[in-house]
Amino acid sequence: MSQSNNYALPAPLLELLSQYLQERVTPTIKIDPSQLAYRWVGGRTGHLQPLSVNLFLSLDDLQGIDVQKAKLVQNTRQFLKGYPANHVLMTGTRGAGKSSLIRALLQAYHSEGLRIIEIARDDLQVLDKIRAAINALPADCACRYIVYCDDLAFNGQDESYRALKSVLDGALDSEQDKLLVYATSNRRRLLPQMMKDNLNIYNGQTDEVNPYETIDETVSLSDRFGLSLTFHPMDQQTYLQIVQHYLRLEQQKISARIDIDIDIEMDVDGENLPDKIRMDALRWASERGGRSGRVAYQFSRYWSGKTQLAIEDRKS
């Protein structure tokens, strides 16, 4: 007498297995070359979200960082032409224009096939799948992708940096002709270097047979970026020049000519700013802990908005 066995799993167990897989399996990634920019959202099981990009910021708007800008533009142009190019790490003072350079690159070169995919540090484990999706694009696709990671840094317990290391240089297929990684960080060494590591080595208080390999590990990630650009704090004159530049851009948006407190025909030299604007701009920077392109832009919006509001108040 034959007996049939029922191997069906209980419904609650099937539900748990389904939930487990959904939490750990990344959906298939598809990329549309006509989309200028994406952002990865949703963690490991997330997706590429199309971004509506504002292309108002140009490379000419970014001042005081001419050397860094020229090197980044050259590397990007090499990449777009299909010539050898490097992954880029931009480090240094906050607000100096590192992130703005990425937006300005897209404005300048999207018509030549440049595309941007923004990814957070915590989502770096999906880099391989993004790379596979780019490789799956048609051979005649002229688009090239910069995977952009802003404010990149890791702590000693963070293992997600290993996925980035593999893409940068280490995997068998790490040489890419349609993908580069551009990252920004306020930390030159992306992994922390601890004084205690050196002390343990010098005092022999370590269990490692080769303790210097721990130090090598902390610098190996940043070394895999072929091009490193450092951004330094700016001087007062440069800051005032940037303030003046952004003020002029803001004034171009005003339909009526402004004839109070500010002259739209200001001299290019930052020292020729009207005294009131100059003093307020320096005070603004002092209150925010330093001079930078970001601070200059924020001041220009404050001053321009205040001036337009004064005009409206006078009319009423």
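Residues numbered from 1 in each chain as written. Predicted model: local features only at pLDDT ≥ 70, side-chain atom pairs only at ≥ 80, totals over all residues. Heavy atoms only, no water.

J.: Teacher, can you tell me more about the packing of helix H2 (residues 66-80) against helix H3 (residues 98-109) here?
T.: For any two helices packed against each other, one specifies the inter-axial angle together with the distance between the axes. Contact geometry of H2 with H3 gives a least axis separation of 11 Å together with a crossing angle of 45°. Judged on the interaxial angle alone, H3 and H2 are oblique. Relative to H3, the crossing made by H2 is right-handed. For the pair H2 and H3, the contacting residues are Lys 69, Leu 72, Val 73, Thr 76, Arg 77 and Leu 80 in the first and Leu 101, Leu 105 and Tyr 109 in the second. Considering only residue class, the contact of H2 with H3 consists of six nonpolar, one polar and two charged. (Axes fitted to C-alpha atoms, helices over the stretch in contact; angles between N-to-C directions. Helix = DSSP H or I, 4+ residues; strand = E, 2+ residues; numbered from the N terminus. Parallel < 35°, antiparallel > 145°, perpendicular 65-115°, else oblique. Left-handed = near helix turned anticlockwise from the far one by under 90°. Contact = heavy atoms within 4.5 Å. Nonpolar A, V, L, I, M, F, W, Y, C, P; charged D, E, K, R; others polar.)

J.: Where do I start with H3 in this structure?
T.: Three or four residues apart is the spacing at which side chains of an α-helix point the same way, because the helix has 3.6 residues per turn. Given a rise of 1.5 Å per residue, 12 residues ought to cover 16 Å, and the 17 Å separating the end C-alpha atoms of H3 matches this to within 8%. Counting buried positions along H3 yields nine of 12 residues, so the element is predominantly enclosed. Three or more residues of H3 are buried, namely Lys 98, Ser 99, Ser 100, Leu 101, Ile 102, Ala 104, Leu 105, Leu 106 and Tyr 109. (Expected span 1.5 Å × (residues − 1). Buried < 20%, exposed > 50% of the residue type's maximum accessible area, 1.4 Å probe, protein only.)

J.: Is there a simple way to explain helix H10 (residues 293-315) in this structure?
T.: The first and last C-alpha atoms of H10 sit 33 Å apart over 23 residues, in line with the 33 Å expected at 1.5 Å per residue. Within H10, burial applies to Gly 293, Val 295, Ala 296, Phe 299, Ser 300, Trp 303, Ser 304, Thr 307 and Ile 311.

J.: I'm lost on the pairing of strand E5 (residues 144-149) in this one. Help?
T.: The side chains of a regular strand alternate between the sheet's two faces. Of all six residues making up E5, six are buried, and the element is well covered by its neighbours. Of the two faces of E5, both are covered, the one formed by Arg 144, Ile 146 and Tyr 148 as well as the one formed by Tyr 145, Val 147 and Cys 149. The sheet contact formed by strand E4 (residues 114-118) and E5 spans five bridges and is parallel. If you follow Ile 117 over to E5, its bridge partner there is Val 147. Between the parallel elements E4 and E5, the chain passes through helix H4 (residues 127-135) in a crossover that is right-handed. Note: E5 against strand E6 (residues 179-185), five bridges, orientation parallel. Bridging from a neighbouring strand, Tyr 145 pairs with Leu 179 of E6. (Pairing = 2+ DSSP bridges. Right-handed = clockwise from strand over helix to strand, strands pointing away.)

J.: I keep staring at the pattern of salt bridges and nothing clicks. Help me out?
T.: Should their charged atoms come close, side chains of opposite charge can pair. Under the counting rule described, the total for this entry stands at eight salt bridges. We note a salt bridge from Lys 276 to Asp 280, for which the minimum N-O separation is 3.5 Å. Note that Lys 276 and Asp 280 are positioned in helix H9 (residues 275-287) at a spacing of four residues, about one turn of the helix. Each of the salt bridges in this network shares a partner with another, and the network as a whole consists of Lys 276, Asp 280, Arg 283 and Lys 306. (Salt bridge = Lys/Arg side-chain N within 4 Å of Asp/Glu carboxyl O.)

J.: Would you explain the confidence of the model for the protein chain in this entry?
T.: Taken over all residues, the pLDDT of the protein chain has a mean of 78, while the share at 70 or more is 71%. Averaged pLDDT values for the elements of the protein chain fall to 50 in helix H6 (residues 195-203) and rise to 96 in E4. For residues 190-195, every residue scores under 50 in pLDDT, and the model assigns this stretch 21 contacts once sequence neighbours within four places are set aside. This stretch, residues 258-270, has a pLDDT under 50; its non-local contacts, to residues over four places away or in other chains, come to 37 contacts. (pLDDT = per-residue confidence, 0-100.)

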